[in-house]
Structure formats: C-alpha cells, structure tokens
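Survey of secondary and tertiary structure
Here's the letter readout for the chains.
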Amino acid sequence: MPSDTAPSAARKDFIREMVAEDVAANRFGRPVTTRFPPEPNGFPHIGHVKSVCLNFGIAREYGGRCNLRFDDTNPFTEDIKYVEAIKRDVEWLGFTWDSELYASDYFEKLYEIAEDLVKRGKAYVDSQTEEEIRVNRGTVTTPGSPGPYRDRTPDENLDLLRRMKAGEFPDGAHVLRAKIDLAHPNMIMRDPLLLRIRHAAHYRRGTAWCLYPLYDFAHGLSDAIEGITHSLCTLEFKDNRDIYDWLVHEAGFERPPEQTEFARLELDYTVLSKRKLLKLVNERRVSGWDDPRMPTISGMRRRGVTPEGLRNFAEAIGVARKPARTELATFEHYIRDDLNMRVPRVMAVLNPLKVVLTNYPENQVDELDASYYPHDVPLTGSRKVPFSRELWIERDDFMENPPKKFFRLAPGREVRLRYGYFITCTDVIKDASGNVVELRCTYDPATRGGDAHDGRKVQGTIHWVSARHALDAEVRLYDKLFTVPDPDAVDEGQEFTGTLNPDSLVVVPGAKIEPSVAKDPIGTRYQFERTGYFIGDTVDSRPDHLVFNRTVTLRDSWAKVKGGGAGGGQ
RNA sequence: UGCCCCUUCGUCUAAAGGUAAGACAACGGCCUUUGGAGCCGUGAAUCGUGGUUCGAUUCCACGAGGGGCAACCA
C-alpha cells in the first residue's frame, strides 16, 4: 500500500478512530470490510461521493475490502440503468470494489431466516390491512396494540409464509413481521415488517419471486452474510440500529457487523433527495440526470468537475455526527484548486467588442507564443496564437468613463494584450443610439510578447482573439440551480421547485475562441483566461458547433471592488 | 407530547481532564504578462446554569436550541 494512503496519525474522524481500535484489538477476526450500498433507483450524487470516499477509503487505508452492494429490494422503483450509472460513477471517482453484490441475490437466504424466525416464534404473519397496521402501531406518544393475528401458532405462520412465497396471495394480503413489542419506545421496534408480497417484475429477479424484504430485514442481514465489519450509514438510520442488531443476533451471526451513523452531506443551494432530483428530471426542469446543473456525479462530470476535486472536497469536509450544511464556496474551492493545477489556459471572448489596430498592416498575421500554463503551475506546453489587425476583446474590458480602480482599457489608456502587444485606445466608434460598437487602437511593435523593453508599466492585461482566426462557440454559463441556500426548507404547501434559479443556465451563442482548441478532443478542460474553467460538452459539442460548459468561475476580486454581485456560479 | 441523536470561529472539521487548532469564507498587505494562482498577516468560537476536579470544549445533572423516528421507501 502506498504510504500516502496510510491513515495519518492526526485528524482522524470518529469512524476511523473506531476502526483503528477494532483493528488493533482484532475485534472481528477478519479484515476490515465495508460496503457502499446504494439502491438503484436514481443516479448517485455528491452526497454519495461522501459515502463512497468513506467506505472505500477506510477499506484501502486499513488493508481491507469494500463491496459494491445494490440494495435492490423494491421492484417498483429500481432499474438496471441506475445500476449501470452507479457502477460507472464509482469507477470514474477512482474506486474499485472487491465484489459486486446484490441484495436480490439473498432473497432465498433471507427467506430461510424468515422461516427460522417463524419456527422459533420470533416472527408472525399479519393479515391486517396496511391501514390497520399503521393505526395499531400507535404514535410517538402512545403505545401500539397487538393485532388479532399476532398470536398465530408457529405452524399456522409457517403454512401462511410458505403459501405467501408460493404466490397464493395478492399484494398486501399478508406480511411477515418480527414479534418484538408493539409498545416499544423505539417506533422502529414495534413489530417491524420483514417481508411483503409484490407481484411485480423486478429488474433482476423477474416475476418468479414475489416475497420482497424490507430495508430493515435485508440490510443488516446482507451485511452479515457478506462478513461486513463496519456498516456505515447516515444519521436517519440510527433508530434502525436496534432492529439491525436484533436480526443479526437472532439469525445467529458470530461477531456481526456494527452499524455506525454519520451525518449526510448537505450543500447550500442544492437539493440531494433522489425523489426531488427525479422530479427535476421528470418535469424537465433540467435536461436529464446528467444536466451540468445537477449535483449528480454524471452532471458534475459533464460540468467539468474532476474525480480528484471531488475526493479532495470529500476529505476536506470530514465526517462527524453533527448534521451539517456545507457552503458552496467550500465545494467550489476544491474544484478550482484541482483544475488550477492541471488544465491548460486558452483565450476566449464571451461578449465580443471589435478592436481595430490602425497602425497594424492590413494583411499581416503574427504567430505569437502563448504558454498553456502560468509560471506557478509546474506543467509545460505552449501554442501559437494568431494576431492580426482586427481583434475581439471582452466588452467588460472597456469603459468609456472608467471608475477609479478600473485597470482595463479606456480612451487614451494603454493595456497589455495577453501574450501580445501593448495597445492604446485612440477612438471610440458608436452607432446611432450611442452604443460602443468598435474601438480604434494603436499597438506598440516594440512590446511583442507583452514585454515593455523600456520598463514601461501598464495596469491591466486583457485577453483577446484575432477576429479573422477566431472560432465561433456556444458557451453555457451555469450557476446555482436554486436561489435559496436551503431549497428543502420551503413553507408548507409550497414546492421546492418554486425556488429554482431562472438564470441557472445562460447560453452565450456568439463567443469567440482562439483556433488552437480545434485540435483538442471534445471533453477537453480549459481555463478561459480571466473568465473561468470550462469543458467541451461531451453531449452537444461538435467540430462545426463548439459548445463549452462553465465548470466554475475564477475568483473575481474585481467584482468585489466594483461592488455589485460577486461572480456567480457553482 | 414519547424515544433517540446532536450543539466549538460566518461555514466545515480538530483538540480523548492540562496553551481552543486547521481549512473554507471575510478583511489587509506583498507579488503578478490572468483583478487568477501564490505568499504574509488580521479579526473570528466552546449554547446556558449548576456540579465533580488543582484544572472541564471534554465527565455528570438540568435547561435551551437543532435534527431523526409514527412508509407494505431506503
């Protein structure tokens, strides 16, 4: 194992502390074994990243194993396409599972355990309606009461159970319940349901099997069957731990897994419930599960986020028992931090303003050297960028009446064109309604490459592209999907979709980009100098119609100086 | 209203009875052919009240606040 994956002595989270102690004591008598247990009913998202990094990370750090197990116990909601998405995304994140397993493969084993429970009087077949079961469970403040079927004999229960399995009864006619205590202070323990009848097509089991285990019955026992040592799950399963322990004990497992709960990820301006994400997809609020605005792994991948950036983020936020909400700035920081060190810089003008260099020869073209990386990124490489008499610059980089701290182009002012020449604005051309439509500038031939050999200073450096050589591009500027930090916290009767951000996607159809990108494969990541990080869209970009997605903006300290809104963009 | 869990800078996470630390964010400066990056610096927290102790963020009690649980979902 490489030393850099070894658990560091300091700053271990409470789960790693526990695992380290268990390893030292050889508590389980087997290697550390964890699992990532998604239900295949949706695409995995940034919240799953936290869990994946935790489970696979711990297995790697302690020389153990981590399984990928699909908790596929509900035929109504699950689909093979989600299995495929989950596998692809976990691999893309950089993890390899030791075994690929399915709870649906344990249905027979689970059934055997169910028969055993019945024979020992620990479980019974209940034939109340769903409504009756709910009513007789009581409430948080009042105890439940036993239903009329609770005292059926083991023989009677066994007969019924076998006939349930044989498919003799319709959905909902009977359920198998653990016989524990209808007045238990923990609601979960009030005779929890174990098996229910579902005459439905399961994506793996087809229609041959009709007895589906519920989460509580399937999860802990699946863990135990697989020899899991540390079963890590989110806080809302804390109360379920009682039934987890009860079942693995009743099933007779030696040194069963131990469940430990941690706080799930909550991210500002983001929704992470699969139900809500599905709704966004179904109602076409987004283009699909992989819409770059989605917090799904596939959406973030299409947006240009890297696996390393995601992993660094997951490590940075840590793991604890306190429910916690992370600021978007934290996420963006780790994404930028990773991109900064790896992607080439190119020049693209999103909102073009024409510049004519009046002292530059009409048909001359200069090929300028431009490094792909700034001085402080330890990567090398460069390309040639064509320079000519007519250029595009960013409209925001010119102001006719600039305020005090504006360092860019203005009438009479000199700026540096990145990797090009110093230019000075001599004339401002306007249309009939007074809009600036073109600038006339002069360039200084002695400043080729951007160096003033006489020691002259300019305050600003701006990006540009040669008008004649520029490629047209569509640029998609993505911003946060919601306008409020906690879109889940809507008033009673309100839909969370009411806080969707109408400007979460701004399409810029007429961007101009330097020609060097034509040779790069679709899906190449760049920094557009002074603008942000972008990626060629893997779905819609074509050589004759380039499309770039903004991954994240650069930090924009000018936006703060200027006042006004900060540079947007998750 | 019953049971359970949680509470440390604005945010996230450390400190296992002994100087409250780091990251993100903020602010100031330096540097800069990206108003990027980097570097340096500043401000910023133990929910409250008691108790145990030489000493409490840590242990205990009570209170307050937040969260979870009453699906044939997971």
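Residues numbered from 1 in each chain as written. Chains lettered and ligands numbered in written order. Predicted model: local features only at pLDDT ≥ 70, side-chain atom pairs only at ≥ 80, totals over all residues. Heavy atoms only, no water.

Topic: the pairing of strand β17 (residues 390-394)
Here is the rule we go by: Accessibility here uses a 1.4 Å probe with only protein chains present; expressed as a share of the type maximum, an area under 20% marks a residue as buried, one over 50% as exposed, and anything in between as partly exposed. Where helices and strands are cited, they refer to DSSP runs of H or I of at least four residues and of E of at least two residues respectively, numbered from the N terminus. A pair of strands is considered paired only if DSSP assigns at least 2 bridges between the two.
The buried fraction of β17 amounts to 4 of the 5 residues, a majority that puts the element mostly inside the structure. By the bridge criterion, 3 bridges tie β17 to strand β22 (residues 464-466) in an arrangement that is antiparallel. Of the residues in β22, the one forming a bridge with L391 is S466.

So, the packing of aromatic side chains
Let me state the cut-off plainly: For Phe, Tyr and Trp, rings pair up if their centres lie within 6.5 Å, where Trp contributes its six-membered ring, and each pair is then called stacked (planes under 30 degrees apart), edge-to-face (over 60) or tilted (otherwise).
Counted under the stated rule, the structure contains 22 aromatic pairs. Considering the side-chain rings of F43 and W289, the 5.1 Å spacing of their centres and the 5° angle between planes classify their relative orientation as stacked. Taken as a pair, F43 in the loop between β1 (33-36) and α2 (46-61) and W289 in the loop between α9 (274-282) and α10 (297-303) lie far apart in primary sequence, 246 residues in all. Assessed through its relative accessible area of 12%, F43 is described here as buried. On the numbers, 6.1 Å between centres and 70° between planes, the contact of Y526 with F548 is edge-to-face. Highlighted residues: Y526 in strand β25 (residues 525-528) and F548 in strand β27 (residues 546-553), separated in sequence by 22 residues. The same class applies to Y526 and to F548, which are both buried. One aromatic cluster in this structure is built from Y360, F387, Y421, Y443 and W464.

Structural notes on the pairing of strand β18 (residues 414-417)
By the bridge criterion, 3 bridges tie β18 to strand β19 (residues 422-430) in an arrangement that is antiparallel. Bridging from a neighbouring strand, R416 pairs with F422 of β19. Connecting β18 to the next strand, β19, in antiparallel fashion are 4 residues, including Y419 with a positive phi near 65°. Direction of pairing for β18 relative to strand β21 (residues 461-462): parallel, over a ladder of 2 bridges. Note on β21: the bridge partner recorded for L417 is I462.

Observations regarding the sheet that holds β22
In spatial order, the strands read β21-β18-β19-β20-β14-β17-β22; together these 7 strands make up an open sheet with mixed pairing. Of all strands in the sheet, those with a lone pairing partner are β21 and β22, marking the two edges.

Re helix α11 (residues 307-317)
Filter applied, for reference: This arc is taken over the directions from the axis of the helix to the C-beta atoms.
Of the residues making up α11, those classed as buried are P307, G309, L310, F313 and A314. The arc enclosing the buried residues of α11, seen along the axis, measures out at 165°, which places them on a common side. One or two steps after α11, the chain reaches G318, where phi turns positive at roughly 75°.

Things to note about the nonpolar core
Soluble globular proteins: nonpolar side chains tend toward being buried together. Definition in use: Grouping buried Ala, Val, Leu, Ile, Met, Phe, Trp, Tyr and Cys residues that are joined through side-chain atoms within 4.5 Å yields what is termed a nonpolar core. Contacts are assigned to residue pairs that have any heavy atoms within 4.5 Å of one another.
Judged by nonpolar contacts, the single largest core of 34 residues is most densely connected at I46, V49, F56, V90, L310 and F331. Contributions of two or more residues to this core are made by α2, β2 (65-70), α3 (80-93), β10 (265-267), α10, α11 and α12 (328-340). In terms of residue count, α2 provides more of this core than any other element does, 6 residues in total. If we skip the residues at most four places from it in the chain, V90 touches F36, V52, F56, F95 and W97.

Section: the environment of N186
Examined against the element boundaries, N186 turns out to sit in the loop between β5 (175-178) and β6 (193-197). Note on N186: relative accessible area 11%, which makes it buried. Taking the C-alpha atoms as reference points, N186 and L353, 167 residues apart in sequence, are found 67 Å from one another. Leaving out residues up to four positions away in the same chain, N186 has contacts with D239 and D242.

Examining unusual backbone geometry
Of note, D191 is a non-glycine position whose phi angle comes to about 50°, a positive value. Relative to the helices and strands, D191 resides in the loop between β5 and β6. With a phi angle near 60°, R284 is a residue other than glycine that sits in the positive phi range. If you trace the backbone, R284 turns up in the loop between α9 and α10. Relative accessible area serves as the criterion here: at 69%, R284 is assigned to the exposed category.

A look at the domain arrangement of chain A
For clarity, the threshold we go by: Note that the domain bounds were set by an automatic or database domain assignment.
By domain assignment, chain A separates into domain 1 (9-264) and domain 2 (346-469). Centre-to-centre, using C-alpha coordinates, domain 1 lies 63 Å away from domain 2.

Re the protein's contact with RNA strand B
How we decide: If even one non-hydrogen atom of a residue comes within 4 Å of a molecule or strand, that residue is called near it. A 3.5 Å cut-off defines polar contacts: any pair of N or O atoms within that distance qualifies, except that in protein one atom must be a possible hydrogen donor and the other a possible acceptor, and neighbouring residues in sequence count only when both atoms are side-chain atoms. Think of it as three bins: nonpolar holds Ala, Val, Leu, Ile, Met, Phe, Trp, Tyr, Cys and Pro, charged holds Asp, Glu, Lys and Arg, and polar takes everything else, Gly as well.
The full set close to RNA strand B counts 68 residues, and R196, Y334, D376, G449 and Q527 are the nearest of them. The sugar-phosphate backbone supplies 61% of the atoms of RNA strand B found within 4 Å of the protein. Between RNA strand B and Y334 there is a distance of 2.5 Å, counted from a sugar or linking oxygen to a side-chain nitrogen or oxygen. Counting residues per element, the ones that place at least two in the surface near RNA strand B are α1 (14-24), α5 (130-136), β6, β11 (324-326), α12 and α13 (557-561). In terms of residues, the surface near RNA strand B owes the most to one element, α12, which gives 5 residues. Its residues assigned to classes, the surface near RNA strand B shows 21 nonpolar, 17 polar and 30 charged.

Some remarks on the pattern of salt bridges
The criterion, for reference: Salt bridges, as used here, are contacts in which a Lys or Arg side-chain nitrogen is within 4 Å of a carboxyl oxygen on Asp or Glu.
In total, this model carries 59 salt bridges according to the counting rule given. Where D22 meets R27, a salt bridge forms, and the shortest distance between an N and an O atom there is 3.4 Å. Judged by relative accessible area, which is 9%, D22 ranks as buried. In this structure, D397 engages R530 in a salt bridge whose closest nitrogen and oxygen atoms are separated by 2.3 Å. Placement of the pair is D397 in the loop between β17 and β18 and R530 in the loop between β25 and β26 (532-536), with a sequence separation of 133 residues. R530 sits in the partly exposed class, given a relative accessible area of 36%. One salt-bridge network, held together by shared partners, links D290, R302, E474, R476, D537 and D540.

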